[in-house]
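Each chain is listed here by its residues.
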Amino acid sequence: MTTKSAAAAARATVYGYPRQGQSRELKKAIEGYWKGRVTAEALHATAAELRRSNWRQLADAGIHEVPTGDFSYYDHVLDTTVMVGAIPERHRTVVDADATDGYFAMARGTQEVAPLEMTKWFDTNYHYLVPELGPDTVFTADSSKQVAELTEALAQGLAARPVLVGPVTYLLLAKPAPGVPADFEPLTLLDRLLPVYAEVLADLRAAGADWVQLDEPALVQDRTPAELNAADRAYRDLGAITDRPKLLVASYFDRLGAALPVLAKAPVDGLALDFTEAAATNLDALAAVGGLPGKRLVAGVVNGRNIWINDLQKSLSALGSLLGLADRVDVAASCSLLHVPLDATAERDIDPQILRWLAFAQQKTAEIVTLAKGLAQGTDAIAGELAANRADLASRATSPITRDPAVRSRAQAVTEADARRSQPYAERAAAQRAHLGLPLLPTTTIGSFPQTSELRAARADLRAGRIDTPGYEERIKAEIQQVISFQEKTGIDVLVHGEPERNDMVQYFAEQLTGYLATQDGWVQSYGTRYVRPPILAGDISRPEPMTVRWTSYAQSLSDRPVKGMLTGPVTMLAWSFVRDDQPLGETARQVALALRDEVTDLEAAGTSVIQVDEPALRETLPLRAADHAAYLAWATEAFRLSTSGVRPDTQIHTHMCYAEFGDIVQAIDDLDADVISLEAARSHMQVARELAAHGYPREAGPGVYDIHSPRVPSTDEAANLLRTGLKAIPAERLWVNPDCGLKTRGWPETRASLENLVTAARTVRSELPAS
């Protein structure tokens, strides 16, 4: 096919779309089902209407081929586990009794059975449920969800492409099931899994699928020769199937590297690649392997993970360079649009000029369609769109919102000494023990307490003018009093104020820092029914006034026990925001760190002796390629230390991380130089404690003994046994007792019971320790 005909054939598509609906209808229906207020039939009807609405939006915008199968009630990896029949034995009874209840039991657990482990989806803030596999795993195909959703789309007269997690990525994401040796490699099950995928592909073909997309994002990470050989074998086998749909293998989030020639020569019908700045080398690498003659290329030139408008002219140039490399070049976002909000035009509180700089899912869809039209028909066909785009890009580049000379001058003046504590850890630890007087195995929580409906109503009443500021603050004071009183009665050693005034751990601070924009409806799925509104980091960052001192000081006035000051760290402030793309991330992190340093200093001056600066996103933001790790970790750890290094030796600095794999960043955790770190450990059975011990981590740590992402209440024995496991790796004088994460999403009854059991477990295990 000629370059000209390849351009003429260009079409617009997407890999996936936000699931929740304009008003988070899916969240409300699912949570209503959990509470018994919504029937299963009503839940499924809501989901079906949301799917139809998504497809209508895409088709009306000009998308030529809509995705199916990307919709999920909780998580697309969990959907894949169901599709291949890899149901853990402990969930089998619930699944057999009711498929919907069984699905949610795997996601959330029940009082009788623990859920699947949860961790981050590559370097995003989306969480997936980790498959549990072992040498005895038997896979069985269940394509009912995938076939049903394809049938729904085809019934609307749409060209539709089912999207599945690919077999190699599925196995690389999996872990050994409980009781299976830790060195078991799920990838050894590939030959057992491929026939199941073949059966699903046959079912989709029979249902009318012309193309099926198999997502293999794990191949953008560093992969061993054995793993690359597995990918080669997988797509040789699947490609050799007769009477199958055409296969589109998709990668995203980074460059493919050594996996590109493997996939390029595989007997599949197309590849989908990321061509945004993060994966720019994919273009040269594709040319180096001779392109994709006879195949389809889906070019991800619109950033699917950030919210800034696309540089249309730049993307057209990239697309033009790709035309000679494949028989057909289609246009897409770089990944599923799951990672961005739905519609920027819903934002009423953002300046209209700034709003023109933003592209959420619907606006990105329009960009994709425009680029496909320009590629197929020439730039004259989109001259108006190109002119408007140039004007909007210029407006942002020259806006005074983006640059503050005072902030830039302060950041440039930072020295290496500014990011170091005045004394080494051993000396600080002695001073802190003398100052705080805590027992062995001290108990604490991570920060937040339940965000009740009454608290949310109070915030809504304040926004709507139904109560005034003094009335709202009285409600916050009453909540803090309740939280402090409960902790004292329960026997917790280091208290928190519960964060009742905070809407979100990033948004709350973003709303008080210059340079950030907040959205009203910019919801993005984090996991299950948990949605967040990432703020938009648009300009230089500074802190006009204290953000947390007042409420922390008030809480401290209610108790003689230490109350932690609670802040969100600079890396997490970036990771859980939509960051600016016009300067290096390290520069932005330094600006945020300096703003937080001012807050830490003010908290200490107000009498706060324990200050926690949370960095749950430190591992999440780690680049997917090892070659990029060192540069990232250098600026990330410096930013944390810059935030926390201005305090006295006897002020104890805590940090917190959760729901990620920490083994490969233990040195970076050490480099943070925090006095205490708390980490998720309950679902992973204290794995992180063993990793810290293997590294020789010298500071205090609190691997969690209470999984807060499940509604089940851990028994005293369960928490005590986890604590005893932790003691095998971390000595008692350095071990803390705490939940995995904050308690914002939990209800008060389960919180009370769980924390009471946690404290009892700590006392029980403390009593077992040898006398000093």
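In short, a report on the structure.

Calculation rules
Residues numbered from 1 in each chain as written. Predicted model: local features only at pLDDT ≥ 70, side-chain atom pairs only at ≥ 80, totals over all residues. Heavy atoms only, no water. Helix = DSSP H or I, 4+ residues; strand = E, 2+ residues; numbered from the N terminus. Rg over C-alpha atoms; globule rule 2.2 N^0.38 Å. Lys, Arg positive; Asp, Glu negative; His and termini not counted. Charge placed at Lys NZ, Arg CZ, Asp CG, Glu CD. Core = buried A, V, L, I, M, F, W, Y, C linked by side-chain atoms within 4.5 Å. Buried < 20%, exposed > 50% of the residue type's maximum accessible area, 1.4 Å probe, protein only. Contact = heavy atoms within 4.5 Å. Salt bridge = Lys/Arg side-chain N within 4 Å of Asp/Glu carboxyl O. Phe/Tyr/Trp six-rings, centres within 6.5 Å; stacked < 30°, edge-to-face > 60°. Lys NZ or Arg CZ within 6 Å of the ring centre and 35° of its normal.

1. Here we look at the overall build of the chain
Here is step 1 of the chain: In terms of helices and strands, the chain carries 29 helices and 20 strands.
Here is step 2 of the chain: Scaling as 2.2 N^0.38, a compact globule of 772 residues should have a C-alpha radius of gyration of about 28 Å, and the chain matches this with 26 Å.
Here is step 3 of the chain: Both charge centroids of the chain, one from 78 positive and one from 100 negative side chains, sit 1 Å from each other.

2. Thoughts on the nonpolar core
Here is step 1 of the chain: Grouped together as the largest cluster of nonpolar side chains are 123 residues, with contacts concentrated most on Y170 and L319.
Here is step 2 of the chain: Element by element, the count of residues in this core is highest for helix α9 (residues 190–206), at 8 residues.
Here is step 3 of the chain: Beyond its immediate stretch of four places on either side in the chain, Y170 contacts V77, T80, T81, V84, A86, P131, L133, V165, L193 and Y197.
Here is step 4 of the chain: The next biggest cluster of nonpolar side chains, apart from the first, holds 100 residues, and it includes I480, V506, M566 and L567.

3. Some points on the side chain of E479
Here is step 1 of the chain: Looking at the element boundaries, E479 is found in helix α20 (residues 469–490).
Here is step 2 of the chain: Although E479 is buried, it makes no salt bridge; R752 carries the closest opposite charge, 8.0 Å away.
Here is step 3 of the chain: Not counting the four nearest positions on each side in its chain, E479 is found in contact with P450, L455, P500 and W748.

4. Remarks on the packing of aromatic side chains
Working definition: an aromatic ring pair is given by the centre-to-centre distance plus the angle between the planes.
Here is step 1 of the chain: Tallied over the full model, the rule gives 16 aromatic pairs.
Here is step 2 of the chain: Consider the rings of F449 and F486, whose centres lie 6.2 Å apart with planes at 70°: the pair is edge-to-face. Here F449 is found in the loop between α18 (425–436) and α19 (453–464), whereas its partner F486 is found in helix α20, with 37 residues between them in sequence.
Here is step 3 of the chain: According to the relative accessible area criterion, F449 is buried, its value standing at 1%.
Here is step 4 of the chain: Ring centres of Y632 and W635 lie 5.1 Å apart, and the angle between their planes is 90°; this geometry places the pair in the edge-to-face category. Here the residue Y632 and the residue W635 both occupy positions in helix α25 (residues 629–644), the gap between them amounting to 3 residues, near one helical turn. Of the two residues, Y632 and W635, neither departs from the other in class, the shared state being buried.
Here is step 5 of the chain: Here the aromatic cluster, defined as three or more aromatic residues joined through ring pairs, consists of Y15, W121, F122, Y128, Y252 and F253.
Here is step 6 of the chain: Directly above the ring of W308 sits R396, whose terminal nitrogen or CZ lies 3.7 Å from the centroid.

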